[in-house]
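# Structural description and commentary
So the chains spell out like this:
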Amino acid sequence: MPAWRNISLWMDQLDEPLTPRASLEQDLDVDVAIVGAGYTGLWTAYYLKRQAPQLNVVIVEAQTAGFGASGRNGGWVMGNLLGEDRLLAGLSPEQRRASFDLLHDIPDEVKRVIDREGIDCDYRKGGALYCAARYPEQEHSLRAYLDKLYKQGLNESDYRWLSPEQLAGQIRVARPYGGIHAAHIATVQPAKLVRGLARAVERLGVRIFENTPVTDWHSGGLRTARALIRSRWVVPAVEGYSVTLPPLGRYQLPVQSLLVATEPLSAATWDEIGLSQGQAFSESSRQVTYGQRSADNRLIFGARGGYRFAGRLRHDFDLTDNEIELRRYLFGELFPQLKKVRISHSWGGNLGMSRRFQPHMLCDRANGIALSGGYGGEGVGASHLGGRTLADLILEQDSERVRQPWVIREGGLQALKAWEPEPCRWLGYNAIIRSFVHEDQTLANPNTPPWRRKLASGVAGFMEGFMQ
Ligand SMILES: Cc1cc2nc3c(=O)[nH]c(=O)nc-3n(C[C@H](O)[C@H](O)[C@H](O)COP(=O)(O)OP(=O)(O)OC[C@H]3O[C@@H](n4cnc5c(N)ncnc54)[C@H](O)[C@@H]3O)c2cc1C
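Residues numbered from 1 in each chain as written. Predicted model: local features only at pLDDT ≥ 70, side-chain atom pairs only at ≥ 80, totals over all residues. Heavy atoms only, no water.

### Quick look at the overall build of the protein chain
Of the regular secondary structure elements, the protein chain holds 13 helices and 19 strands. For 468 residues, the compact-globule estimate of 2.2 N^0.38 gives 23 Å, and the protein chain sits close to it at 22 Å. Taken along the three principal axes of its C-alpha coordinates, the protein chain extends 65 × 50 × 45 Å. By residue count, 60% of the 468 residues in the protein chain fall in the buried class. Considering only residue pairs separated by 6 or more positions, the protein chain has 75% of its internal contacts joining residues 24 or more positions apart. With the model as given, the accessible surface of the protein chain reaches about 18,900 Å², and the carbon-plus-sulfur share is 52%. Charge-centre separation for the protein chain: the mean point of 55 positive side chains lies 2 Å from the mean point of 52 negative side chains. (Helix = DSSP H or I, 4+ residues; strand = E, 2+ residues; numbered from the N terminus. Rg over C-alpha atoms; globule rule 2.2 N^0.38 Å. Buried < 20%, exposed > 50% of the residue type's maximum accessible area, 1.4 Å probe, protein only. Contact = heavy atoms within 4.5 Å. Areas by Shrake-Rupley, 256 points an atom, 1.4 Å probe, with all protein chains shown as cover. Lys, Arg positive; Asp, Glu negative; His and termini not counted. Charge placed at Lys NZ, Arg CZ, Asp CG, Glu CD.)

Okay, structure coming up:
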């Protein structure tokens with residue numbers, strides 16, 4: 001059996017044998033053929049079958065349910081979308097409020113489903129703490145971020161400023177400058193969620209074929225090594241693996257994110273740190289860090305990984321010493337008592353970044369293609385909304401979801417913005433990331449003179465502008 005258990009701490013923790021489901025051996029005629037058994041594919045199937053039980057829906061998965069980012073992520077279920085400020089900018093205040101309500105409901109709807117389906121995935125809704133905790137400039141940038149959120153119509157019940165003392169009531173970091181509590185965020189054990197969802201859709205009558213890579217897809221069907229599926233609808237739900245299904249790789253850049261997990265920490269250590277209400281946390285630099293306290297009391301901590309030339313996927317996630325030590329350094333800045341703690345697991349995964357740095361949910365009715373993606377590392381919640389929206393679009397349900405600015409109904413795939421050809425992508429991506437790393441190193445050194453701090457932040461801010 002493939003070493004799926006080694007994919008992540010989360011898969012390693014499952015108490016099921018990970019026995020592969022049957023692979024596809026014969027041709028099929030179905031209503032909806034979904035490629036990929038991650039959250040996007042599974043949520044799409046779930047909401048399709050809940051609304052239209054008569055539909056014949058199959059999912060074809062190259063490996064096993066949860067093999068992709070869905071079985072590896074940091075477990076933040078976010079009630080927001082990457083780039084939502086730009087997506088919602090053209091709406092009236094009332095429309096924007098309705099969109100925010102829809103987004104904020106994501107973690108709650110996930111909870112309703114896991115309760116209904118009996119999926120135990122360590123769900124806790126403690127919000128997230130964005131901590132200014134490494135250098136003083138972080139307080140300034142977090143306050144500016146909060147200002148921006150309030151200008152969009154959000155308020156204290158959504159995002160709340162925490163003074164250093166208030167922050168310490170929730171998380172004890174070495175250098176607290178302040179922080180934001182974001183209310184609409186929950187945490188889960190990601191693999192338990194994706195595996196439980198796979199079982200739930202099977203109970204609804206969806207067939208999942210594993211160890212069955214799709215080699216070709218087109219309007220009206222798809223092909224695997226041994227079989228052909230004819231289908232009214234094809235739903236490629238492969239996000240960070242889009243290069244495997246041309247031409248989707250033009251629209252989704254596969255980038256990596258990498259995590260480490262400590263061994264379970266003692267109750268005394270957690271008393272020092274806090275995070276007793278299931279809060280997720282981030283140290284708010286441009287390294288895109290995310291952490292949570294797992295149900296078995298480990299510290300889970302991740303940060304942005306890299307991008308490989310020509311969008312080559314990374315398959316080997318045995319992290320190098322440098323990759324592990326960077327993450328140890330970052331969480332050790334917050335919790336010096338953990339600088340020498342044993343790291344029991346390290347892993348990573350591929351995620352999809354769209355050229356507009358914002359998600360899309362696309363329905364091309366004429367060609368029978370529906371897809372959702374471009375979550376850019378914020379896809380646990382977004383894929384739920386994506387799957388639910390695709391189900392509405394396919395079934396022609398007139399819901400609030402299908403009227404959102406991230407829904408594309410005209411123009412098919414061409415409506416998505418394509419990435420520039422290589423070497424522009426690689427050079428561009430790496431130039432941006434280098435400016436972020438340089439900024440971080442400059443600001444983390446207290447001896448850096450003010451003019452150099454300003455320059456480093458100015459350059460990084462300018463480069464970040466290209467990500468919009
Ligand atoms: C390390 C990491 C940490 C993250 N942390 C967070 C987080 O804390 N919060 C958050 O909101 N988001 C996070 N994300 C992003 C989030 O996990 C993803 O956006 C989300 O899981 C995407 O789900 P998906 O179903 O679209 O894709 P995936 O889960 O990647 O599923 C795609 C599936 O398609 C299959 N597949 C690929 N090619 C083929 C083919 N040719 N034929 C058949 N099957 C194929 C794959 O095997 C895979 O199972 C993280 C991502 C990573 C990698």
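### A short note on helix α6 (residues 137-151)
With 15 residues, α6 extends 21 Å between its outermost C-alpha atoms, agreeing within 8% with the 21 Å of an ideal straight helix rising 1.5 Å per residue. Among the residues making up α6, those that are buried are Gln-138, Leu-142, Leu-146 and Leu-149. What you see down the axis of α6 is that its buried residues fit within an arc of 70°, all on one side. Those residues of α6 that are exposed and angled more than 90 degrees off the buried face are His-140 and Lys-151. Buried positions along α6 lie against β4 (128-132), β5 (159-162) and β6 (178-182). Positive backbone phi, at 105°, marks Gly-153, one or two positions downstream of α6. (Expected span 1.5 Å × (residues − 1). Arc of directions from axis to C-beta.)

### Remarks on empty space enclosed by the protein
In total, this model carries 2 cavities of 30 Å³ or more according to the counting rule given. Its volume calculated, the largest cavity comes out at about 90 Å³. Around the largest cavity, the lining residues are Pro-236, Val-238, Glu-239, Ser-242, Leu-248, Tyr-251, Gln-252, His-360, Leu-371, Ser-372, Gly-373 and Leu-416. No other element matches the 3 residues that strand β18 (residues 369-373) contributes to the lining of the largest cavity. (1 Å grid on protein atoms, 1.4 Å probe; cavity = no way out; pocket = protein on both sides within 12 Å on 5 of 7 lines; lining within 4 Å. Points joined across faces, edges and corners; volume = space filled by probe spheres on them.)

### Concerning the pattern of salt bridges
This structure, assessed with the given rule, holds 33 salt bridges. The residue Glu-16 makes a salt bridge to Arg-195 at a minimum N-O spacing of 2.9 Å. Taken together, the positions of Glu-16 in the loop between α1 (9-12) and β1 (28-35) and Arg-195 in helix α8 (residues 190-203) put the pair 179 residues apart, joining distant regions of the chain. Comparing Glu-16 with Arg-195 shows no difference in burial state: the two are buried. One network of salt bridges, in which partners are shared, links Arg-134, Arg-175, Glu-283, Glu-333 and Asp-440. (Salt bridge = Lys/Arg side-chain N within 4 Å of Asp/Glu carboxyl O.)

### A closer look at the packing of helix α2 (residues 39-51) against helix α5 (residues 106-117)
Relative orientation of the contacting elements α2 and α5 amounts to 70°, with a least axis distance of 14 Å. Accordingly, the angle class assigned to the pair α2 and α5 is roughly perpendicular. Crossing of α2 against α5: the hand is left-handed. On α5, the residues touching Trp-43, Tyr-46, Tyr-47 and Arg-50 of α2 are Glu-109, Val-110, Val-113, Arg-116 and Glu-117. Considered class by class, the residues forming the contact of α2 with α5 number 5 nonpolar, no polar and 4 charged. (Axes fitted to C-alpha atoms, helices over the stretch in contact; angles between N-to-C directions. Parallel < 35°, antiparallel > 145°, perpendicular 65-115°, else oblique. Left-handed = near helix turned anticlockwise from the far one by under 90°. Nonpolar A, V, L, I, M, F, W, Y, C, P; charged D, E, K, R; others polar.)

### Points about the site of the ligand
In the region of the ligand, 36 residues are neighbours, and Thr-40, Glu-61, Ser-70, Val-214 and Val-380 sit closest. Between an oxygen atom of the ligand and a main-chain N or O atom of Ala-69, the distance comes to 3.0 Å. Within the side chain of Ser-70, one N or O atom sits 2.5 Å away from an oxygen atom of the ligand. Within the complex, the protein chains bury 98% of what would otherwise be the 1,000 Å² of accessible surface of the ligand. Put simply, the parts of the chain that give the shell around the ligand at least two residues each are α2, β12 (252-262), β16 (343-354) and α11 (379-394). (Near = heavy atom within 4 Å. Polar contact = N/O pair within 3.5 Å; in protein donor to acceptor, adjacent residues only side chain to side chain.)

### Describing the pairing of strand β15 (residues 299-307)
Counting buried residues along β15, 8 of its 9 residues qualify, which places the element largely inside the surrounding structure. The pairing of β12 with β15 spans 6 bridges and is antiparallel. Paired with Leu-259 across the two strands is Gly-302, which belongs to β15. As defined by bridge partners, strand β14 (residues 290-293) adjoins β15 across 4 bridges and the pair is classed as antiparallel. Paired with Gln-292 across the strands is Ile-300, a residue of β15. Adjacent in sequence and paired antiparallel, β14 and β15 are bridged by 5 residues, among which Asn-297 carries a positive phi angle near 70°. (Pairing = 2+ DSSP bridges.)

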